[in-house]
Amino acid sequence: MTKMKKYTTYKWAFAALIVAMAGCESDLDVELRDRQSEIDLLNNPDNAVQLVNGVYNKNLSYDMNAFSWIGMTSITSDDADKGSTPGDSGADKDKLDNLDFTTSSTSFIDVWKARYQGIGRANKALFYLEQLQIDATLKSRLIGEVKFLRALWYFDLVRCFGGVPIVTTEIDINNVEAVNSVVFTRKSKQETYAQIELDLNDAISRLPLKSQYQPFDKGRATKGAAQALLAKAYLYQEKWQQCYDLSGEVISSGQYSLMADYAQVWREVGENGSESIFEVQATLENGIQDYTNVQGPRGTPDLGWGFNTPSLSLTNSYEAGDLRKAATIMFIPSTLWDGFVAPTTLNNPRYNYKAYQSPIAESWNGNKGVTAKNLRVLKYSDLLLIRAESAFHLGNTGEALARVNEIRHRAGLGDALVVTLQSILNERRWEMAMEHDRWFDLIRTGRAAAAMAANGKTFLVGTHELFPIPQEQITASGGRLQQNPGY
């Protein structure tokens, strides 16, 4: 493998597990006749690395991080509106915008299937990695990378759907008892988080620091990434002491720092920079399918589909002088950072600036559907705010205030003199706006109903805390999968 950003695709020989639990991949480089020949092939360290690259590669698919994920994590929230044109529903994005959640929604189906397909890849890779006769250090690292990815996908699932089926090994689809008891049986939310913690603690013990990777491995999961994700999982479970301690370890590791210019964090120049803890790697040839295209300005000129537009609620929430506002929201008309003039012939008054891929000043080949724009998943600023929130809950307001002011300085704002939970959550909103966290932050802090009401949306307490399990999955399970309350 020549460079991590290439995410070399490995030929997979998945047997279809069941509906969404795994997928058949057609992009094989070799024909594998049986498991012994597969092991022989993968005992080549380069092939073992490519096997793991195939797990990473699922993050580039349209159903994983593009339209459906954007709809569920952003358009639902008070930070964004559907956008596009009134007549374009985006399949179901108009319903998501109105909190009209249905069990047949395309978005819920995509997000569920994509994560379980990724988990299926991870389980397949772990099955082989455990058997390989390759360098022990490399083998251990690769196992750590895969377990990080599996934990990331389960973290997405538990935030969206609550407790879900936990599949950590290969399942024989002919073993009806195993399929019913594992694939078609939901675990509790606590059990799902326990699996996330198990995977991440093992990954932490195996993975190197960011600085210990060679340049051609830039973008792989690191010890810091596993620690950061685990700290975030602790945050969602209100395990304040563990969250505080672990986020502190990431901060004190010396591996990360805030970039000086907030506006550059989501540009090409900011990719894998000092603030990056983990991001999905993309190239012109192998980018995240339609992530930027879905959110690009719509109209004349045609720069994209025009969905996920920043709301007035978000726009009006910033303090005067906050540099993050202009870096997050593309106002129409205006001259963009690269000199492009965005005219009044574009359909919406605002677009997501963080999703903008410049055809003038960044890597560009004219293909809007696959761009070389990385997706930031974990950032150092997120960790600072996780540290601040956990510190506040532990009564350490001095530490909480220090971390908040660190964030505020970069945003061009003066020091806050006191800190409250609401002020920390405000900073999270402004710092992480349009980055797929707002909906989940509202849910976990119990503020969703009030925030949605202020934005003209009706949040059903006791139902909307979770998205519905796709009906097609319940049907495939013969009714064994239990639906979430209210659906």
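Residues numbered from 1 in each chain as written. Predicted model: local features only at pLDDT ≥ 70, side-chain atom pairs only at ≥ 80, totals over all residues. Heavy atoms only, no water.

Turning to the packing of helix H15 (residues 380–393) against helix H17 (residues 421–431), a few remarks are in order. It is the contact of H15 with H17, at a shortest axis distance of 10 Å, that shows an interaxial angle of 170°. Taken as axis vectors, H15 and H17 run roughly antiparallel relative to one another. Every residue of H17 that contacts H15 at Ser381, Asp382, Leu385, Ile386, Ala388, Glu389, Phe392 and His393 is listed here: Leu421, Ile424, Leu425, Glu427, Arg428 and Glu431. Class assignment of the residues belonging to the contact of H15 with H17 gives a composition of seven nonpolar, two polar and five charged. (Axes fitted to C-alpha atoms, helices over the stretch in contact; angles between N-to-C directions. Helix = DSSP H or I, 4+ residues; strand = E, 2+ residues; numbered from the N terminus. Parallel < 35°, antiparallel > 145°, perpendicular 65-115°, else oblique. Contact = heavy atoms within 4.5 Å. Nonpolar A, V, L, I, M, F, W, Y, C, P; charged D, E, K, R; others polar.)

Turning next to the confidence of the model for the protein chain. In this model, the protein chain carries a mean pLDDT of 93, and residues with pLDDT of at least 70 account for 93%. Ranking the elements of the protein chain by mean pLDDT puts helix H1 (residues 35–42) last, at 81, and helix H10 (residues 223–236) first, at 99. In the predicted structure, residues 5–33 sits below a pLDDT of 50 and forms 89 contacts with residues beyond four places in sequence or in another chain. (pLDDT = per-residue confidence, 0-100.)

So, about the packing of helix H11 (residues 240–252) against H15. Interhelical geometry of H11 versus H15 gives an angle of 145° and a closest axis separation of 8 Å. In the crossing of H11 with H15, the sense of the turn from one axis to the other is left-handed. Every residue of H15 that contacts H11 at Trp240, Cys243, Tyr244, Asp245, Ser247, Gly248, Val250 and Ile251 is listed here: Tyr380, Leu383, Leu384, Ile386, Arg387, Glu389, Ser390, Ala391 and His393. (Left-handed = near helix turned anticlockwise from the far one by under 90°.)

With 96 residues, the main nonpolar core has Phe148, Tyr154, Phe161, Ile196, Phe278 and Trp439 as its most contacted residues. No other element matches helix H7 (residues 136–161), which puts 15 residues into this core. In contact with Phe278, not counting residues within four places along its chain, are Tyr56, Phe148, Leu149, Leu152, Gly219, Arg220, Ala221, Ala225, Arg376, Val377 and Leu378. Counting residues in each nonpolar core, the second largest holds 14 residues, with Phe67, Ile70, Ile288 and Phe307 among its members. (Core = buried A, V, L, I, M, F, W, Y, C linked by side-chain atoms within 4.5 Å. Buried < 20%, exposed > 50% of the residue type's maximum accessible area, 1.4 Å probe, protein only.)

A few words now on the pairing of strand E2 (residues 276–280). Most of E2 sits out of view: five of its five residues are buried. Where E2 meets strand E10 (residues 375–379), four bridges bridge the pair, whose relative direction is antiparallel. Note that in E10 the partner of Phe278 across the bridge is Leu378. (Pairing = 2+ DSSP bridges.)

Moving on: the domain arrangement of the protein chain. Accessible area lost when the parts come together is the quantity often used to give the size of an interface. Domain boundaries in the protein chain define domain 1 (39–206) and domain 2 (282–373). Taken over C-alpha atoms, the centre of domain 1 sits 27 Å from the centre of domain 2. With 22 residues of domain 1 in contact, the opposing surface of domain 2 contributes 21 residues. Buried area between domain 1 and domain 2, summed over both chains or domains, comes out near 1,700 Å², and the portion from carbon and sulfur atoms is 55%. When residues of domain 1 are sorted by the area they lose upon contact with domain 2, Leu60, Ile70 and Ser84 head the list and together hold 32% of the total. Viewed at the interface, domain 2 and domain 1 are joined by one salt bridge. The tally of links from domain 1 across to domain 2 stands at 12 residue pairs in polar contact (both at pLDDT 80 or more). For the side of domain 1 that touches domain 2, the elements supplying multiple residues, two or more each, are helix H3 (62–65), helix H4 (67–75) and strand E1 (80–83). Along the lines of polarity and charge, the residues of the side of domain 1 that touches domain 2 split into seven nonpolar, 10 polar and five charged. (Domains from an automatic or database assignment. Buried area = accessible area lost by both parts, 1.4 Å probe. Salt bridge = Lys/Arg side-chain N within 4 Å of Asp/Glu carboxyl O. Polar contact = N/O pair within 3.5 Å; in protein donor to acceptor, adjacent residues only side chain to side chain.)

Further remarks concern the environment of Leu413. Structurally, the position occupied by Leu413 is in the loop between helix H16 (397–410) and H17. What makes Leu413 buried here is its relative accessible area of 8%. For Leu413 and Ser334, which are 79 residues apart along the polypeptide, the C-alpha to C-alpha distance reads 24 Å.

A few words now on the packing of aromatic side chains. Describing an aromatic ring pair means giving the distance of the ring centres and the angle of the ring planes. Counting across every chain of the model gives 19 aromatic pairs. Arranged with centres 6.2 Å apart and planes meeting at 85°, the rings of Tyr116 and Tyr154 form a pair that is edge-to-face. Here Tyr116, found in helix H6 (residues 106–129), pairs with Tyr154, found in helix H7; they are 38 residues apart in sequence, far enough to count as distant. Tyr154 shares its class with Tyr116; the two are buried. (Phe/Tyr/Trp six-rings, centres within 6.5 Å; stacked < 30°, edge-to-face > 60°.)

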